[in-house]
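# Examination of the molecular architecture
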Amino acid sequence: MHSRPWAREFVETLLIFVIFMLFVRTFVVAHINVPTPSMEPAVLVGDHILVNRFVYAPHLDTPLHRLLPYRDPQLGDVVTFPQPDRPRRDLIKRVAALPGDIIAITDKRMIRNGLPAEEPGVKFTDPTVWPSNPSTPPSRRFRDNLDPLTVPPKQLFCLGDNRDESLDSRFFGPVPESTIRGRALLVYWSFDRAASDGEWQGAGAGVRHLVDVFSNFFTKTRWDRQFTLVR
């Protein structure tokens, strides 16, 4: 009995590994590299986050599926989804309202179902409150004030914790649940890019970032954030 050539065994093993990793990335876990401060202080620029794609996956009402950890999105979940006008770019935001909730924003503060929303992690970096009138640019008016809105069925109202620096549902509306890619799980690596944001724009940005990582891996890695849960 002849043994199979080692090259063939290597190729088969590699192919199985690639198929397995594609399955894991598509259905189980993915990752996101955070480029903006829209979710500070919970999520920082330069955080690399594992995303649980399994938890919100479509599931059937069968005994087997009831044993698996599926669930619908809940208030406070940090989720990822494609930016509506740039689908290849992922956003990371917090679920601020569920289907059927009535929400409004008055002078930066969110009202949910007639009561002030409890949002302990939210921060504001701009003390200016822009008035809700037609003369105010939409980028400012909708940031600080929003007329009452009922979240449609199977959609979520998602906001960044860093309210004054976040592109979110205030501007592009509720997010269809079908587009949610997963729940942010944990930070597996965090690299301090906050002081160098301007360097990562334009041609050659990726190369400059790689050079920075290789040159400053130990000094710029936020070691205290390794494997911390996203809450």
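Described below are features of the structure shown in this document. (Residues numbered from 1 in each chain as written. Predicted model: local features only at pLDDT ≥ 70, side-chain atom pairs only at ≥ 80, totals over all residues. Heavy atoms only, no water.)

### So, the pattern of salt bridges
This structure, assessed with the given rule, holds 16 salt bridges. One salt bridge in this structure joins K123 and E40, with 3.4 Å as the shortest N-O distance. Placement of the pair is K123 in the loop between β7 (115–116) and α3 (138–144) and E40 in the loop between β1 (29–33) and β2 (47–52), with a sequence separation of 83 residues. In this structure, D77 and R183 form a salt bridge, with 3.8 Å as the shortest nitrogen-oxygen distance. Placement of D77 in the loop between α2 (63–67) and β3 (78–83) and of R183 in strand β11 (residues 182–190) is noted, with a sequence separation of 106 residues between them. When salt bridges with common partners are traced through the structure, they connect K108, D126, R143, D144 and D164 into a single cluster. (Salt bridge = Lys/Arg side-chain N within 4 Å of Asp/Glu carboxyl O. Helix = DSSP H or I, 4+ residues; strand = E, 2+ residues; numbered from the N terminus.)

### A look at a nonpolar patch on the surface
A contiguous nonpolar patch, built from F217, F218 and W223 and spanning about 360 Å² of accessible area, is present on the exposed surface. Tracing the backbone shows F217 in helix α5 (residues 205–220). According to the relative accessible area criterion, F217 is partly exposed, its value standing at 30%. (Patch = residues over 30% accessible without salt bridge, like charges linked within 9 Å, V, L, I, M, F, W, Y side chains within 5 Å. Areas by Shrake-Rupley, 256 points an atom, 1.4 Å probe, with all protein chains shown as cover. Buried < 20%, exposed > 50% of the residue type's maximum accessible area, 1.4 Å probe, protein only.)

### Focus: the pairing of β11
As paired strands, β2 and β11 are joined by 6 bridges and run antiparallel to one another. Paired with H48 across the strands is W189, a residue of β11. Here β3 runs beside β11; their pairing, made up of 2 bridges, is antiparallel. Its bridge partner being in β11, V79 is matched across the sheet by R183. In terms of strand pairing, β11 meets strand β12 (residues 228–229) through 2 bridges, oriented antiparallel. Looking across to β12, one finds that L186 is bridged to L229. (Pairing = 2+ DSSP bridges.)

### Observations concerning the side chain of Q226
Within the secondary structure layout, Q226 lies in the loop between α5 and β12. Note on Q226: relative accessible area 19%, which makes it buried. The contact partners of Q226, leaving out residues within four places of it in the chain, are V187, Y188, W189, S190 and T221. (Contact = heavy atoms within 4.5 Å.)

### A word on the packing of aromatic side chains
A complete count under the given rule lists 6 aromatic pairs for this structure. Judged by centre distance (6.2 Å) and plane angle (75°), the rings of F81 and F172 are edge-to-face. One end of the pair, F81, is in strand β3; the other, F172, is in helix α4 (residues 169–172), with 91 residues separating them in the sequence. Every member of this aromatic cluster is reached through a ring pair, and the members are W189, F191, F217, F218 and W223. (Phe/Tyr/Trp six-rings, centres within 6.5 Å; stacked < 30°, edge-to-face > 60°.)

### Observations regarding the environment of D168
Relative to the helices and strands, D168 is located in the loop between β9 (155–159) and α4. Assessed through its relative accessible area of 0%, D168 is described here as buried. Separated by 130 residues in sequence, D168 and S38 have C-alpha atoms that sit 9.1 Å apart. Among all residues touching D168, those that are not within four sequence positions of it are K93, C158, L159 and G160. Separated by 2.8 Å, the side chains of D168 and R170 make a polar contact. (Polar contact = N/O pair within 3.5 Å; in protein donor to acceptor, adjacent residues only side chain to side chain.)

### Some details on the environment of V45
Mapped onto the secondary structure, V45 falls in the loop between β1 and β2. Put simply, V45 and D192 are 147 residues apart on the chain and 7.1 Å apart in space, counted from C-alpha to C-alpha.

Worth remembering: the numbers are spatial, not functional.
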